[in-house]
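Spelled out from the first residue to the last, the chains are:
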Amino acid sequence: MELPDPAVVVLVGPSGSGKSTWATERYRRDEIVSSDTLRGVVGSGPHDLDASADAFDLLERIVAGRTGRGLTTVVDTLGTDEARRGGWLARAREAGVPAVLVVFDTPDAECRRRNATRDRPVPAPTLAGQLNRHHAVRSQLELEGWDLIHAVTGSEAAPEVVPAGVPDAAERRSSQGLKVLLQVSRFPWGEDPLAWLTGVARAADEAGFAGLSVMDHLIQIPQVDRAWAPIPEPWVTLGAVAGLGTGLELGTLVSPITFRAPGITAKAAATLDVLTGGRAFVGVGAGWWEREHAAFGLDFPPPKQRLDDLERGIETMRALWASGTKAYDGALVSLPETTCYPRPVGDVPVIVGGTGPRTLRIAAGLGDAANVPSARPRLDSLVAALRAHSESVRITVLDLPTIGTDRDDTWARVERLRGRTPAAAYAQRTHAGTAAQQRDRWGGLAELGVDTVFVGVADLEGPDDVARLAPLLG
């Protein structure tokens, strides 16, 4: 059973019931607050009962500190003290996090057997008292108002981790029914940029990603890296990747309509489509960052004009990609001829990025797909708005999770990446978790009607990090 995270998780069970083993199989050591461990901190060892008062005083301060920061806190005590349980429940309510009881209904005989194998067994009369108190409080737990009570019988084994195989390239390439592309937003390529780029692209292909997309910016954006970090021109970059002979779909996410005349973008995309055998796409939007326009001497019109230009730009690209060389006279654009060779191999998908009401209308009316942020519940409202305009437009999302190999590794990445953002807030915002947890979350996106996930990670340093993401696919 998947428990809420973050949450206050209180373990209830006698000695030998398996509480500590269960907790350490599922949580990081720093998330578990154990009365026995704290006796060892403030006393002579975990069995120093004279240190119990100091240990519980310290435990309460730790619980208060962690819950106040919205961090998962696992309280490992006997759990039979009603007043303490009530205090931890109140802490959870104050912090606005779920309050969970995990109750260990291990048979009495098994608790006694396990206790007997310990280096320092709990005295038999003491254990008998614990078992009696556990049975006595068991029936009242349902009345205390916990958000979830999860019963553990015996010892639940930690779920087996099965390495994910790389899917057959011919099946290309999905997770939970979603097509998954790698979004590359930063380029820490050191002294050999081409080797770094080709290594990342080959690793993405080998891992099973359906494609690779790159940002289209003239200055690196502050959400990703420093202004002086490399941010290469995307169509040149994608051309280099096209020469590798991978099976990756390639395109931008997204190109501002203000950067290039739409006919020039159409020409670049058509060329890329030919070089890849029909695997190019164009992500396009109205643009948003005035600074880079000013720095490169580009006009940055008001929003209405940029959106007008976006509509005209999509129509222009489609006209130039169509067959023949005839004149074009459309709803918004007139061209004396449409001589654009080489022609694309097939239809080049146009993905419109943005969340404004008019942008969504443009995506639904003129685009093949819309690209919006993956965070819910906002995503639900964006999907509803798109579906109000079109039932056929594909919905793609940009997903920016923190992904670790296990819980400890995930949290270490949160700590490295969060900057001055509180850890719990950063973990929540970036859906911090393992690849398996991301796949579970993506199942909900698929149920909502999402077609494609563009996934980018803030700590993508090179090919090894791409390989680390392979369990996302399958």
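Structure first, text after, so check above.
Quick look at the structure, then. (Residues numbered from 1 in each chain as written. Predicted model: local features only at pLDDT ≥ 70, side-chain atom pairs only at ≥ 80, totals over all residues. Heavy atoms only, no water.)

Quick look at the overall build of the protein chain
Moving on, step 1. The secondary structure content of the protein chain amounts to 17 helices and 19 strands.
Moving on, step 2. Principal-axis analysis of the C-alpha atoms gives the protein chain an extent of 95 × 40 × 40 Å.
Moving on, step 3. Residues classed as buried in the protein chain amount to 49% of the 474 residues present.
Moving on, step 4. Put simply, of all contacts in the protein chain between residues at least 6 apart along the chain, 74% involve residues at least 24 apart.
Moving on, step 5. For the protein chain, the accessible area works out to roughly 21,800 Å², and carbon and sulfur atoms hold 53% of it.
Moving on, step 6. Separation between the mean location of the 50 positive side-chain charges and that of the 60 negative ones in the protein chain comes to 2 Å. (Helix = DSSP H or I, 4+ residues; strand = E, 2+ residues; numbered from the N terminus. Buried < 20%, exposed > 50% of the residue type's maximum accessible area, 1.4 Å probe, protein only. Contact = heavy atoms within 4.5 Å. Areas by Shrake-Rupley, 256 points an atom, 1.4 Å probe, with all protein chains shown as cover. Lys, Arg positive; Asp, Glu negative; His and termini not counted. Charge placed at Lys NZ, Arg CZ, Asp CG, Glu CD.)

Notes on the sheet that holds strand β3 (residues 73–76)
Moving on, step 1. Spatial strand order, β2-β3-β1-β4-β5: 5 strands in an open sheet with parallel pairing. Whereas interior strands pair on both sides, the edge strands pair on one side only; in this sheet they are β2 (32–34) and β5 (148–152). Sheet twist, expressed as the mean angle between neighbouring strand axes with direction ignored, is 20°.
Moving on, step 2. Direction of pairing for β2 relative to β3: parallel, over a ladder of 3 bridges. When the sheet's bridge partners are listed, Ser 34 is paired in β3 with Asp 76.
Moving on, step 3. Sitting on the sheet, helix α2 (residues 35–42) is in contact with β2 and β3, with an inclination near 65° to β2. (Pairing = 2+ DSSP bridges. Axes fitted to C-alpha atoms, helices over the stretch in contact; angles between N-to-C directions.)

Some remarks on the side chain of Arg 260
Moving on, step 1. Take Arg 260: it is sitting in the loop between β10 (255–256) and α9 (262–275).
Moving on, step 2. At a separation of 2.7 Å, a polar atom in the side chain of Arg 260 contacts the side chain of Asp 216.
Moving on, step 3. A polar side-chain atom of Arg 260 sits 2.9 Å from a polar atom in the side chain of Glu 233. (Polar contact = N/O pair within 3.5 Å; in protein donor to acceptor, adjacent residues only side chain to side chain.)

Details of the environment of Ala 269
Moving on, step 1. Along the chain, Ala 269 turns up in helix α9.
Moving on, step 2. On the accessibility criterion, Ala 269 (0% relative accessible area) is buried.
Moving on, step 3. When the C-alpha positions of Ala 269 and Gly 239 are compared, they lie 9.9 Å apart, and in sequence the two are 30 residues distant.
Moving on, step 4. Sequence-distant contacts of Ala 269, that is, excluding residues within four places in its chain, are made with Trp 235, Ala 280, Val 282 and Trp 321.

Quick word on the packing of aromatic side chains
Moving on, step 1. Evaluated as defined, the whole model comprises 6 aromatic pairs.
Moving on, step 2. The interplanar angle of 85° and the centroid separation of 5.8 Å between the aromatic rings of Trp 22 and Phe 104 together place this pair among those described as edge-to-face. Of this pair, Trp 22 sits in helix α1 (residues 19–26) while Phe 104 is found in strand β4 (residues 99–104), placing the two residues 82 residues apart along the sequence.
Moving on, step 3. For Phe 104, a relative accessible area of 1% translates into the label buried.
Moving on, step 4. An aromatic cluster is present here, built from Trp 22, Tyr 27 and Phe 104 joined pairwise through their rings. (Phe/Tyr/Trp six-rings, centres within 6.5 Å; stacked < 30°, edge-to-face > 60°.)

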